[in-house]
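Here are the chains, one letter per residue:
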Amino acid sequence: MSSSVHFKEIDSTNNYLKEHCAQLPHGFIVTADKQTAGRGRFNRKWVSQEGGLYFSVLIKPEQTDFWPNFTQLMGLSLCRAIEKRYPKTYLKWPNDVLADGKKLCGILSEGVLCGGKLEGMIIGTGVNVGQKTMPDVGQPATSLYLLGVQADKQTLLGEIMDYFWQDYPAVQARGFAAICEPYRARFPFIGKEITVKNGEKPLCGTVRDVSSRGTLLLNTADGPEEIYIGDLIV
Ligand code: BTN
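No experiment lies behind these values; they were computed from the predicted model shown.

Basis of the calculations
Residues numbered from 1 in each chain as written. Predicted model: local features only at pLDDT ≥ 70, side-chain atom pairs only at ≥ 80, totals over all residues. Heavy atoms only, no water. Domains from an automatic or database assignment. Contact = heavy atoms within 4.5 Å. Buried area = accessible area lost by both parts, 1.4 Å probe. Salt bridge = Lys/Arg side-chain N within 4 Å of Asp/Glu carboxyl O. Helix = DSSP H or I, 4+ residues; strand = E, 2+ residues; numbered from the N terminus. Nonpolar A, V, L, I, M, F, W, Y, C, P; charged D, E, K, R; others polar. Phe/Tyr/Trp six-rings, centres within 6.5 Å; stacked < 30°, edge-to-face > 60°. Buried < 20%, exposed > 50% of the residue type's maximum accessible area, 1.4 Å probe, protein only. Lys NZ or Arg CZ within 6 Å of the ring centre and 35° of its normal.

**Some remarks on the domain arrangement of the protein**
Then, number 1: Assigned domains of the protein: these are domain 1 (4-185) and domain 2 (193-233).
Then, number 2: Each partner contributes residues to the interface: domain 1 has 13 residues there, and domain 2 has 14 residues.
Then, number 3: Across the domain 1/domain 2 interface, buried area totals approximately 1100 Å², and carbon plus sulfur atoms make up 55% of it.
Then, number 4: At the boundary of domain 1 and domain 2, one finds 3 salt bridges.
Then, number 5: Residue arginine 41 is joined to aspartate 231 by a salt bridge in which the shortest nitrogen-to-oxygen separation is 3.3 Å.
Then, number 6: Of all the secondary structure elements, the ones that give two or more residues to the side of domain 1 that touches domain 2 are α2 (67-83) and α4 (180-184).
Then, number 7: Among the elements that make up the side of domain 1 that touches domain 2, the one with the highest residue count is α4 (3 residues).
Then, number 8: Of the residues assigned to the side of domain 1 that touches domain 2, the class counts are 7 nonpolar, 2 polar and 4 charged.

Written out as structure tokens, the structure is:
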């Protein structure tokens, strides 16, 4: 069986893996030139016009303890591949990749059920590569093209996945602790005032650190907080 499939156009590469997960092996990748119903985190739309790199990878980890950390590993892998082309690339917890303060990549991870059983995880990733204009998505966004970088999508994907598979066994064994140092080195928000939104009341505070579990440690007016999920407003 082939370990990848490419579509010129699809609704969402995440949807494809959800529909076919039972027949597909660990590590299977779906790519598309364009998505007609690309989805982002917190039920947002991910505008997926031609020029972007859209891919989803299916993973079937041996145990479920460290699932959120595979998404952070993908964020780190994106950063590592892109910083070689554009050094001012960094991570915004939990797994956005920014360049010059603008969003360059986003990741939507979803669990997959097969026959009612949690069988695997889909890590869906969008990278703004060749778009000449960016849609208004409520936050500043950019593309490699707009940053003056010419990148071949296939080569970039290969490099991203090489970084991902390189650290996959360590994350499977030890979780975020395995990538904590390289992640922190690319996370410039320690000591900065930020707001975290996760659907409820926004929380404001100063970033203390990212813990060895991958959670965000925040000092707020009411004391220290450990954040497991959310969106950082910086
Ligand atoms: C976000 O930042 O909100 C996450 C965006 C994730 C977009 C990617 S593109 C490939 C995959 N298919 C989808 O429908 N979404 C993800």
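**Notes on the packing of aromatic side chains**
Then, number 1: This structure, assessed with the given rule, holds 9 aromatic pairs.
Then, number 2: A ring pair is formed by phenylalanine 187 and phenylalanine 189, whose centres lie 5.4 Å apart and whose planes are at 55°; its orientation type is tilted. Comparing phenylalanine 187 with phenylalanine 189 shows no difference in burial state: the two are buried.
Then, number 3: An aromatic cluster is defined as three or more aromatic residues linked by ring pairs; in this entry it consists of Tyr90, Phe176, Tyr183, Phe187 and Phe189.
Then, number 4: Taking the ring centre of tyrosine 145 as reference, the NZ or CZ of lysine 132 above it sits at 5.3 Å.

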